[in-house]
Amino acid sequence: MHRLARRATVGVAIVGLAAALLVVGAVAGGGTPEPAPPTAPTVTEAADPLDAAITDLTATVTRIPKNFRAWHELGSAYVQKARLTADPSYYGRAETAFARSLAIRPTPDALTGQATLAAARHDFADALRLADAALRDNDFSATTYGVKTDALVELGRYAEAARAVDRMVQLRPGTDAYARLSYVLELRGDVAQAKAAMEQAREDAVAPADQAFASQYLGELAWASGDLTAAKAAYDRALAADPSYLPSLAGRAKVLAAQGDPTAALADYREVVSRLPAPQYVTELGELLEATGQTPAAQQQYSVVRATQQLFAAAGADVDTELAVFEADHGTPAAAVASAAAAYRSRPHAVYVQDAYAWALHAAGRSREALPIAKQAVRTGFRNPSFQWHLGAIAAAAGDTTLARTALTRALELNPAFSPLHAPRAKALLASLPSS
């Protein structure tokens, strides 16, 4: 996934912890196909608790084919596996498992499962439709309100998302609810309250993975505000809670790079991508390599990003927004515009989509067209230095020097080291602008 990725993550919205906690599933088309038998993990894979669960559930549905709950749980495990491994092939396995569950007994939980898988594939309109259908049958499901919140956030319907997450907090206050609340607050620029909500999420976390998740996003909040000391402390705390939580290792890497230790940062990034080759982290590794003059090695990483994005697309995931930003920075402007335009048609009010579309248009030399869209991307007050960098560069190219200076200054005030590749470019562009 691209950038900051508080969405993150393959993206998205707060999809990180939520994807592990929510039930997921899908049925393609109007009928229910006869699914192939599930694929069990190998003995080596099964050493992992999640793989062990998949093995047990596979045995259960083989022994009791009409056990719709086991099929449902198997689908959920496959989606979690996809999240943890960045392997989109698990989406298809999840879809098959949930097709069987729904064929045996349609339930509100199954609709919620369909919604979560749709969200994982970035089909947020369908995720919202399915979540609403589930809530018509059961309006007391905090899990379903979590999926609805994610979908509304990704569609840019932020006021509705705030209402949905408030309902989730009322129904089941806890780590996943407070994490979503934190993100909704951050998107509207209320960083203090976003931090407070994420601190609550951390306090409520019991499992080490959940503690790591909450600490990780406290690090992200500190990073976006340029507080490198607090960011590194949060990432270190996350790694202490769960050393296997790779987003925290990636967070530590970007802090090390910002603090002037690219060697240590590259070592951390290489460890991350060797175990979790998600496009976001591979891109960050490539950009650090490029920023340190290792261009051929950077290009190798960018090739991996393109190949991985193709795998996600082949598995039914919408990667238009992520691909647009990547292509605008490292590829073909025409391809960037094509991807961003597709995302913009379906989600014209989402700030990440607006930012991606504006940046793609700018890369293609259409900065005047991009400028009003880039302005929309910062309308909520979201304190994202990359958004401000994009707005500043676009404004400068469109001839609005005053706005360019304001936005670039804002980007560097938020975090003067927001990117090893783009922060120096923002500084150089700001220095080149005529004084008012």
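Computed from a prediction, not measured in an experiment: that's the story for all the values here. (Residues numbered from 1 in each chain as written. Predicted model: local features only at pLDDT ≥ 70, side-chain atom pairs only at ≥ 80, totals over all residues. Heavy atoms only, no water.)

**Focus: the overall build of the protein chain**
Rules: By definition, any uninterrupted DSSP run of H or I lasting at least four residues is a helix, any uninterrupted run of E lasting at least two residues is a strand, and each is numbered from the N terminus. Three labels apply to residues, based on accessible area from a 1.4 Å probe with only protein chains included: buried if under 20% of the type maximum, exposed if over 50%, partly exposed otherwise in between. Surface accessibility in these figures is a Shrake-Rupley result with a 1.4 Å probe; residues are shielded only by whichever protein chains are displayed.
Counting its regular elements, the protein chain contains 23 helices and zero strands. Taken across its 436 residues, the protein chain has 57% of its residues classed as buried. Put simply, the protein chain shows about 16,900 Å² of open surface, and 54% of that area lies on carbon and sulfur atoms.

**Re the nonpolar core**
Formally: Residue types Ala, Val, Leu, Ile, Met, Phe, Trp, Tyr and Cys, when buried and joined through side-chain atoms within 4.5 Å, form a set referred to as a nonpolar core.
Ranked by size, the top nonpolar core spans 82 residues in total, and within it M198 and W389 carry the most contacts. Tallying contributions element by element places helix α19 (residues 351-363) first for this core, with nine residues. By size, the runner-up hydrophobic cluster in this structure holds 46 residues, among which are A82, L239, A265 and V319.

**Overview of unusual backbone geometry**
Residue H122 is not a glycine yet carries a positive backbone phi of 70°. Tracing the backbone through its elements, the reader meets H122 in the loop between α5 (108-120) and α6 (124-137).

**Examining the pattern of salt bridges**
The test is simple: Salt bridge criterion: a side-chain nitrogen from Lys or Arg within 4 Å of a carboxyl oxygen from Asp or Glu.
Applying the stated criterion across every chain yields a total of 17 salt bridges. Note that K148 is salt-bridged to D132, the shortest N-O span being 3.0 Å. Taken together, the positions of K148 in helix α7 (residues 142-154) and D132 in helix α6 put the pair 16 residues apart, joining distant regions of the chain. With a shortest N-O distance of 2.8 Å, K232 and D236 are connected by a salt bridge. Pair noted here: K232 and D236 are both in helix α12 (residues 228-241), with a separation of four residues, about one helical turn. On the basis of relative accessible area, K232 is assigned to the partly exposed category, the value being 23%. We classify D236 as partly exposed; its relative accessible area is 28%.

**Let's talk about the environment of L361**
As a reminder of what qualifies: Throughout, a residue-residue contact means that at least one pair of heavy atoms, one from each residue, lies within 4.5 Å.
Following the sequence through the fold, L361 ends up in helix α19. C-alpha separation for the pair L361 and I394, spaced 33 residues apart in sequence, amounts to 9.2 Å. Beyond its immediate sequence surroundings of up to four residues, L361 is in contact with V337, R366, S367, E369, A370 and I373.

**Some points on the packing of α7 against helix α8 (residues 158-171)**
Going by this rule: Fitting a line to C-alpha atoms yields each axis, with helices limited to the stretch in contact; the angle taken between N-to-C directions then spans 0 to 180 degrees. Roughly parallel means an angle under 35 degrees; roughly antiparallel means over 145; roughly perpendicular covers 65 to 115; every other angle is labelled oblique. Here is the rule for handedness: rotate from the far helix to the near one, and if that takes an anticlockwise turn smaller than a right angle the crossing is left-handed, while a clockwise turn gives right-handed. Under the scheme applied, nonpolar residues are Ala, Val, Leu, Ile, Met, Phe, Trp, Tyr, Cys and Pro; charged residues are Asp, Glu, Lys and Arg; polar residues are all the others, including Gly.
At their nearest, the axes of α7 and α8 sit 8 Å apart, and the two run at 160° to each other. With respect to their mutual orientation, α7 and α8 come out roughly antiparallel. α7 and α8 meet at a crossing whose hand is left-handed. Within the contact between the two elements, α7 uses A142, Y145, G146, K148, T149, L152 and V153 and α8 uses Y158, E160, A161, A164, V165, R167, M168 and L171. Its residues assigned to classes, the contact of α7 with α8 shows ten nonpolar, two polar and three charged.

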